[in-house]
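The primary structure of each chain is shown beneath.
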Amino acid sequence: MAAIRETILRAGLEALYVTGGHVWLRPLVGGVGVILTLHHVRPARADAFQPNRLLEVTPRFLEAAIRRVRLGGLEPVSLDEMHRRLVERDFRRRFVCFTFDDGYRDNLRFAYPILKQHNVPFAVYVPTSFPDRFGELWWLTLEAVIARVDRIGIVIDGRDRRIDCRTVEEKRDAYEAIYWWLRSLATEEEMRVAVRDLARRYGVDGAAFCQDLCMTWPELSQLAADPLVTIGAHTVNHVRLAKVTADAARREMQMGASVIEAALGRRPRHLSYPIGDSASAGPREFAIARELGFATAVTTRAGVLFPEHCVHALALPRISLNGEYQQPRYVRVLLSGAATAMWNGFRRVDAA
Ligand SMILES: [Zn+2]
């Protein structure tokens with residue numbers, strides 16, 4: 001299934017590129033700016049089973065994307081500047097914001113030198129449990145479980161299931177099936193319990209990922225000292241806010257900001273909703289973010305920014321630079337707004 005969806009997306013991007021659709025659609029669908037979503041930036045690995053590869057791009061691709069942005073006449077700006085332009089309706093020049101979710105150490109090691117060299121402002125959204133070293137990167141725990149075993153026993157919807165995962169193909173299918181089943185569970189807690197249970201039974205140390213992959217507070221403070229860098233909030237526990245109670249969602253958003261302020265000396269004005277799709281953050285979360293005083297908040301709903309977004313600054317769309325599509329020509333198509341306009345049926349704002 002994953003392979004089919006990928007082929008369709010890739011075909012769509014290719015079609016927009018070769019037909020020049022991205023060029024003639026751009027004035028209609030390009031909007032006033034783009035917020036890009038990235039996660040890991042690190043050299044490619046050879047492993048055949050990498051279900052989370054969509055969350056990483058190579059340093060070389062990041063550099064190509066920056067070049068593409070500049071060639072396209074877009075101006076890289078900070079989140080504060082993006083917010084100012086939305087509020088003051090200053091849309092003289094199309095802009096782009098580079099944003100990195102989760103605070104991975106590779107951002108400091110590989111992305112930062114490139115962004116610095118090209119003088120590109122960027123934001124890092126940090127779930128505070130990651131530098132505090134008690135975060136659960138459950139999607140990596142699931143990957144590690146499937147990578148190491150040939151067969152998984154799991155209870156799905158009350159039924160005993162045994163899922164073969166001997167070959168790479170089987171592992172990919174198993175990941176896809178279990179991942180989306182987890183995402184479909186009614187509460188965040190049910191999902192976490194299911195993953196913890198898998199980790200225990202198959203001998204994976206879920207706590208190690210934080211330690212190995214995420215920046216420490218001193219590393220974050222080194223980044224935060226650079227005026228190019230904005231540190232944004234991303235809750236405490238990286239929970240899908242719509243899957244917890246309103247009180248818990250508020251606490252996650254508020255505490256995430258307070259802990260960053262205590263550690264780095266400045267309260268974040270910008271928020272990223274974890275996972276960020278419409279099942280993870282909706283009108284309730286947008287309202288809480290507004291009450292808590294955040295200036296902007298980003299989702300992972302796909303799209304470019306239009307002037308109308310000035311009244312939806314707590315529900316901003318982004319465009320993901322997906323590791324499965326690391327071609328500069330795809331960046332060109334994505335920046336044009338054409339691909340997301342097609343996916344969204346030409347609807348400009350999705351804040352419901
Ligand atoms: Zn995240």
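Placed above this text is the structure.
The paragraphs below set out a description of the structure included in this document. As the structure is a computational prediction, the values presented were derived from the model and not from experiment. (Residues numbered from 1 in each chain as written. Predicted model: local features only at pLDDT ≥ 70, side-chain atom pairs only at ≥ 80, totals over all residues. Heavy atoms only, no water.)

What about the pattern of salt bridges?
When their charged atoms lie close together, side chains carrying opposite charge are able to pair.
Okay, step 1: Summed over all chains, the structure comprises 29 salt bridges.
Okay, step 2: The salt bridge partner of Arg-42 is Glu-56, with a shortest N-O separation of 2.8 Å. Within this pair, whereas Arg-42 is found in the loop between strand 2 (40-41) and strand 3 (56-57), its partner Glu-56 is found in strand 3, the two being separated by 14 residues in sequence. Both residues of the pair, Arg-42 and Glu-56, count as buried.
Okay, step 3: With a closest N to O distance of 2.9 Å, Arg-192 and Glu-136 form a salt bridge. Linking Arg-192 in helix 8 (residues 188-201) with Glu-136 in the loop between strand 6 (122-126) and helix 6 (138-148), this pair joins segments that are 56 residues apart in sequence. (Salt bridge = Lys/Arg side-chain N within 4 Å of Asp/Glu carboxyl O. Helix = DSSP H or I, 4+ residues; strand = E, 2+ residues; numbered from the N terminus. Buried < 20%, exposed > 50% of the residue type's maximum accessible area, 1.4 Å probe, protein only.)

Regarding the pairing of strand 1 (residues 33-38)
Okay, step 1: Within strand 1, 6 of the 6 residues are buried, which leaves the element mostly enclosed by the surrounding structure.
Okay, step 2: Neither face of strand 1 is left uncovered, since the one carrying Gly-33, Ile-35 and Thr-37 and the one carrying Val-34, Leu-36 and Leu-38 both have all their residues buried.
Okay, step 3: Pairing of strand 1 with strand 5 (residues 95-101) involves 6 bridges; the strand directions are parallel. Bridged to Leu-36 within strand 5 is Phe-98.
Okay, step 4: Where strand 1 and strand 12 (residues 316-320) come together, 2 bridges link them in parallel fashion. Within strand 12, the residue paired with Thr-37 across the bridge is Ser-320. (Pairing = 2+ DSSP bridges.)

A short note on the coordination of the zinc ion
Okay, step 1: For the zinc ion, the full set of protein donor atoms is Asp-102 (OD), His-234 (NE2) and His-238 (NE2), at a range of 2.1 to 2.2 Å.
Okay, step 2: If you list the donors of the zinc ion from N- to C-terminus, the spacing comes out as D-x131-H-x3-H. (Donors = N, O, S within 2.8 Å, 3.2 Å for Na, K, Ca; no water.)

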